[in-house]
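Listed here are the chains, written in short residue letters.
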Amino acid sequence: MVSHNSSNNNSTDFIAGGISGGTTRFFVAPLDVVKIRFQVQATLKKNAKAEGSIPVNIKYRTVWQTIGTIIKEEGFTALWKGNLTGTFLWISFSGVQFGAYQQVLKRLRPPSKNEGPTYKRLGDYLLSGGFAGFVATYATYPLDLVRTRLASQIEPKKYLGMIDCFSKILKADGPKGLFRGVVPTTLEIIPYIALQFTIYEESKNFYKRTYNVEDSEVGPITQLCCGAIAGTLSKLVVLPLDTIKKRMQVSGVELGYGHKIEVHGVWDCAKKIAAKEGFRGFYKGTVPSLYKAVSSGINAEYGGVQYKISIPLQLAL
């Protein structure tokens, strides 16, 4: 997944991943706001006028309609609500993620080690990716929570900024309040990151075997395609958990659209979504999520000076 001219070390992996994550974040921030608005907008199936119609209480319906509504009601810059927090989150998460992944993978698969059987190779990728996702999630989760609160709020604002949001959450719920929703995040991010890295590596290996080329001969377009495939497939698998996480992060908060969300744990949230919104409720925000997966893969491709990074740097993000 990463090619370089000098030996790996923790600081280099962190910087390369951080630069890539920060750059990507700026370009996909509006899609992130749209995705979050979709996911936290709780609706009721019974409010539909007819089967397959749009429930009348839905404020945000499509990507472009949502962008237009946000600009009209909150201004153009509202598309970047929570972007500062999101940038800190992406830089720190992607840095820790890439650093942890490379360190674990180097120990499982040293340069002198042969490829080995497919199941062993896949196991190494899954273990490295899963561990990287777990460490990065817990190290940066409070930023994820605050980003969701800021991006989901409309006018008038409840939170004036990142610091104000942190202080109000701490005052209302204490330190544990900053980790509300961390369980579904962990359940989501470990398979998500593991699948990303595994699908990416195996896609690239398939290309190498098919065209009989070395790793250094795999061009940027091929890496880009492998990254886009990995991001899209892995995101579809874990999106229901991402929706549950977002609902838990705004539980008890009056958003000003949809129905107020009151959930108590992962299972309670899942039951309420299934009962009130049906299976489709778990996949709210799918379209902007997939846009993010592909665009993140494209931007991350040129994120490092000596690195070629094609894995989409997004958090179920």
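Scroll up to find the structure.
Cut-offs and rules
- Residues numbered from 1 in each chain as written.
- Predicted model: local features only at pLDDT ≥ 70, side-chain atom pairs only at ≥ 80, totals over all residues.
- Heavy atoms only, no water.
- Phe/Tyr/Trp six-rings, centres within 6.5 Å; stacked < 30°, edge-to-face > 60°.
- Helix = DSSP H or I, 4+ residues; strand = E, 2+ residues; numbered from the N terminus.
- Buried < 20%, exposed > 50% of the residue type's maximum accessible area, 1.4 Å probe, protein only.
- Expected span 1.5 Å × (residues − 1).
- Disulfide = S-S within 2.5 Å.
- Arc of directions from axis to C-beta.
- Core = buried A, V, L, I, M, F, W, Y, C linked by side-chain atoms within 4.5 Å.
- Contact = heavy atoms within 4.5 Å.
- Salt bridge = Lys/Arg side-chain N within 4 Å of Asp/Glu carboxyl O.

Draft legend 1. Here's a closer look at the packing of aromatic side chains. The final tally for this structure, using the stated rule, is six aromatic pairs. Taken together, a centroid distance of 5.1 Å and an interplanar angle of 45° make the contact between Phe-134 and Tyr-138 tilted. Residue Phe-134 and its partner Tyr-138 are both found in helix 4 (residues 118-152); the two are separated by four residues, about one turn of the helix. Seen in terms of ring centroids, Phe-279 and Tyr-283 are 5.5 Å apart; in terms of plane orientation they differ by 45°. Their pairing is tilted. Residue class for Phe-279 comes out exposed when judged on its relative accessible area of 63%.

Draft legend 2. Quick look at helix 3 (residues 83-108). Over its 26 residues, helix 3 extends 36 Å from the first C-alpha to the last, a length consistent with the 38 Å expected when each residue adds 1.5 Å. Of all 26 residues in helix 3, 19 are buried; the element is thus mostly enclosed.

Draft legend 3. Main features of the state of the cysteines. Tallied over the full model, the rule gives zero disulfides. In this structure Cys-226 is a free cysteine whose sulfur lies 7.0 Å from that of Cys-225, the closest cysteine sulfur available.

Draft legend 4. Fine view of helix 2 (residues 63-74). The first and last C-alpha atoms of helix 2 sit 16 Å apart over twelve residues, in line with the 16 Å expected at 1.5 Å per residue. Buried residues of helix 2: Val-63, Thr-66, Ile-67, Thr-69, Ile-70 and Glu-74, and no others. Down the axis of helix 2, the buried side of the element spans an arc of 165°, and every buried residue falls inside it. Exposed residues on helix 2 whose side chains face more than 90 degrees from its buried face are Trp-64 and Lys-72. Just downstream of helix 2, Gly-75 is the residue with a positive phi angle, here 95°.

Draft legend 5. The arrangement of the nonpolar core in detail. In terms of nonpolar packing, the biggest core is built from 54 residues, with Val-40, Val-146 and Ile-244 touching the most fellow members. Of all the secondary-structure elements, those providing two or more residues to this core are helix 1 (10-40), helix 2, helix 3, helix 4, helix 5 (162-173), helix 6 (182-211), helix 7 (220-249) and helix 8 (266-277). Take this core: its biggest share by element is nine residues, from helix 4. The contact partners of Val-146, leaving out residues within four places of it in the chain, are Thr-85, Met-162, Cys-165, Phe-166 and Ile-169.

Draft legend 6. Expanded view of the pattern of salt bridges. Here the structure, examined in full by the defined rule, presents 18 salt bridges. Linking Lys-35 and Asp-242 is a salt bridge whose minimum nitrogen-to-oxygen distance equals 2.7 Å. One end of the pair, Lys-35, is in helix 1; the other, Asp-242, is in helix 7, and 207 residues separate them in sequence. For Lys-35, a relative accessible area of 0% corresponds to the buried category. Lys-59 is the salt-bridge partner of Glu-73, the closest N and O atoms lying 2.9 Å from each other. Taken together, the residues Glu-73 in helix 2 and Lys-59 in the loop between helix 1 and helix 2 connect sequence positions 14 residues apart. Judged by its relative accessible area of 43%, Glu-73 is partly exposed.

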